[in-house]
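# Descriptive analysis of the structure
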Amino acid sequence: MSLELATAGESHGPALVAIVSGLPAGLTLDREAIDADLRRRQQGYGRSPRQQIETDEVEVLAGLRQGRTLGTPLALVVRNRDHKNWTWGMNPWPPEGEPQGKGTKPVTLPRPGHADLAGVQKYGHDDVRNALERASARHTAVHVAAGAVAKALLAAIGIAVVGEAIPEHGADTAAVDAARKDRDTLGGTAVVRATGVPPGLGSYARKEDRLDARLAFALMGIQAVKSVEIGDGKELASLRGSAAHDEINTDKTRMSNHAGGIEGGMSNGEELVVSCSMKPLPTLMKPLRSVDLATGEPAEALVERSDVSAVEALAVVAESAVAFELARAAKEKFGGDSLDDFVAAHRAYLARL
Ligand code: EPS
């Protein structure tokens with residue numbers, strides 16, 4: 001059974017939820033390891049005051065018994081603590097009593113660069129909040145919880161995945177301070193590396209199977225990500241073939257790793273190196289020009305509490321996305337309804353190689 005992830009949840013609604021299906025039975029999960037990744041995602045210089053409200057922790061509702069997976073769908077929940085301030089405005093049901101708290105008035109000032117305008121046009125909303133709540137990067141929290149589960153599965157076959165922010169732009173404290181002073185925002189780049197990846201995850205058989213295409217899809221699906229590179233990425237376009245490719249040693253390792261560990265849509269046994277870059281966040285304290293959807297008049301875009309930079313969080317979210325996609329490819333390759341079967345298939349494959 002393939003590893004799949006489904007999520008739901010609005011930024012200021014009661015909770016974010018995820019269902020991970022296709023996990024083998026018998027995988028031990030460590031609640032503290034999942035919560036540690038959730039905490040890592042909340043950190044980083046330049047985050048919003050929202051992070052002082054949230055203390056993300058995972059709850060498991062199904063699929064786990066006494067810390068071990070049952071081979072049934074795993075249901076994860078991360079509560080939005082800020083919801084207590086939005087119980088009227090983000091109530092799933094028609095709220096009772098007088099409007100109170102946040103989110104009671106319709107938002108009509110779409111932010112350039114956010115999902116606001118196209119979101120209300122597409123779905124026919126008259127309140128931008130109906131679009132922005134789900135478009136918010138808040139929901140990456142539950143993706144990180146699912147990624148931590150994927151990392152546990154990968155660890156069983158010796159694969160480790162680590163993301164880090166490149167220390168420039170939104171991951172540079174001086175640049176963040178300067179942007180905050182100017183009431184502006186910053187983007188930046190995160191690199192994810194995976195070690196222990198055996199050759200042959202993914203396939204050249206169909207474009208949907210290609211590991212590079214799948215990683216690009218997973219990373220481009222993260223809010224604000226605008227580009228993805230595998231290995232040396234677009235820099236390879238300016239090199240000659242003789243300088244771009246990774247020559248092969250007799251033990252089948254490589255003399256270099258320009259390819260970032262992927263050739264022909266498959267892992268090649270070298271370290272996997274993938275990077276992604278995010279644009280500056282679109283909620284500006286010094287708003288850009290927009291339109292008031294209620295009046296049709298020119299207006300400044302919505303100003304509300306937000307991050308100056310979320311690049312450090314991107315590194316954790318990207319790590320989770322890569323981990324989930326690698327776990328999915330590993331599950332396809334090695335199968336197994338139980339963890340023992342999965343691990344045994346991996347061991348037999350390495351023995352054959
Ligand atoms: C976000 C806007 C901000 C961020 C949020 C993403 O939310 P708020 O308006 O509630 O301050 O804090 O990120 C998170 C809440 C989080 O946990 O990462 C957006 O518009 O994408």
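Notes on the structure in this doc start here. This one's a predicted model, so the numbers in the text were calculated from it and none came from an experiment.

Here the focus is unusual backbone geometry. Phi is positive for His169, which is not a glycine, with a value near 55°. Considering the arrangement of structural elements, one finds His169 in the loop between strand 7 (160-165) and helix 6 (173-181). A positive phi angle is found at Lys252, which is not glycine, with a value near 75°. Within the secondary structure layout, Lys252 lies in the loop between helix 8 (241-244) and strand 10 (262-263).

Okay, the sheet that holds strand 8 (residues 188-195) next. Strand order in this open sheet of 4 strands is 7-8-12-9, and the pairing throughout is antiparallel. Single-partner strands in this sheet number two, and they are strand 7 and strand 9 (225-230). This sheet shows a mean twist of 20° between the axes of neighbouring strands, independent of strand direction. Sheet analysis places strand 8 next to strand 12 (residues 272-278), joined by 7 bridges and oriented antiparallel. In the sheet register, Ala190 faces strand 12, and the bridge partner there is Cys276. Relative to the sheet, helix 9 (residues 311-334) contacts strand 7, strand 8, strand 9 and strand 12, its axis offset from that of strand 7 by approximately 155°.

What follows concerns the packing of helix 5 (residues 140-155) against helix 9. Direction vectors running N to C along helix 5 and helix 9 enclose 45°, while the axes themselves pass 8 Å from each other. Classed by the angle they form, the pair helix 5 and helix 9 counts as oblique. Crossing hand, helix 5 versus helix 9: left-handed. Judged by residue contacts, Thr140, His143, Val144, Ala146, Gly147, Ala150, Lys151, Leu153 and Leu154 of helix 5 engage Val316, Val317, Glu319, Ser320, Ala323, Phe324, Leu326, Ala327 and Ala330 from helix 9. Looking at the contact of helix 5 with helix 9, its residues break down into 12 nonpolar, 4 polar and 2 charged.

Tallied over the full model, the rule gives 27 salt bridges. A salt bridge links Asp56 to Arg41, with the nearest nitrogen and oxygen atoms 3.3 Å apart. With Asp56 in the loop between helix 2 (50-53) and strand 3 (58-62) and Arg41 in helix 1 (residues 31-42), this residue pair connects regions lying 15 residues apart in the sequence. Residues Asp307 and Arg47 are paired through a salt bridge, measuring 2.7 Å at the closest nitrogen-oxygen approach. On the criterion of sequence distance, the pair formed by Asp307 in the loop between strand 14 (298-300) and helix 9 and Arg47 in the loop between helix 1 and helix 2 is long-range, its members being 260 residues apart.

Cut-off values and rules
Note on numbering: residues in each chain are counted from 1, in written sequence order. Where local features are concerned, this predicted model is filtered to residues with pLDDT of at least 70; where side-chain atom pairs are given and counted, the filter is 80 or more; whole-chain, interface and lining totals use all residues. Processing note: side-chain calculations cover all non-hydrogen atoms of the structure and skip hydrogens and water entirely. Helix and strand definitions follow DSSP, with helices as H or I runs of at least four residues and strands as E runs of at least two, each counted in order from the N terminus. At least two bridges found by DSSP between two strands are what make those strands a pair. For helices, the fitted axis covers only the stretch in contact; all axes are lines through C-alpha atoms, and the angles between them, taken along N-to-C directions, range from 0 to 180 degrees. Contacts are assigned to residue pairs that have any heavy atoms within 4.5 Å of one another. Convention used here: angles under 35 degrees read as roughly parallel, angles over 145 as roughly antiparallel, angles from 65 to 115 as roughly perpendicular, and any remaining angle as oblique. Crossings are assigned a handedness: left-handed for a near helix turned anticlockwise from the far helix by less than a right angle, right-handed for a clockwise turn. By the convention adopted, Pro, Cys, Tyr, Trp, Phe, Met, Ile, Leu, Val and Ala count as nonpolar, Lys, Arg, Asp and Glu as charged, and the other residues, Gly among them, as polar. By convention in these notes, a salt bridge is any Lys or Arg side-chain nitrogen within 4 Å of a carboxyl oxygen on Asp or Glu.

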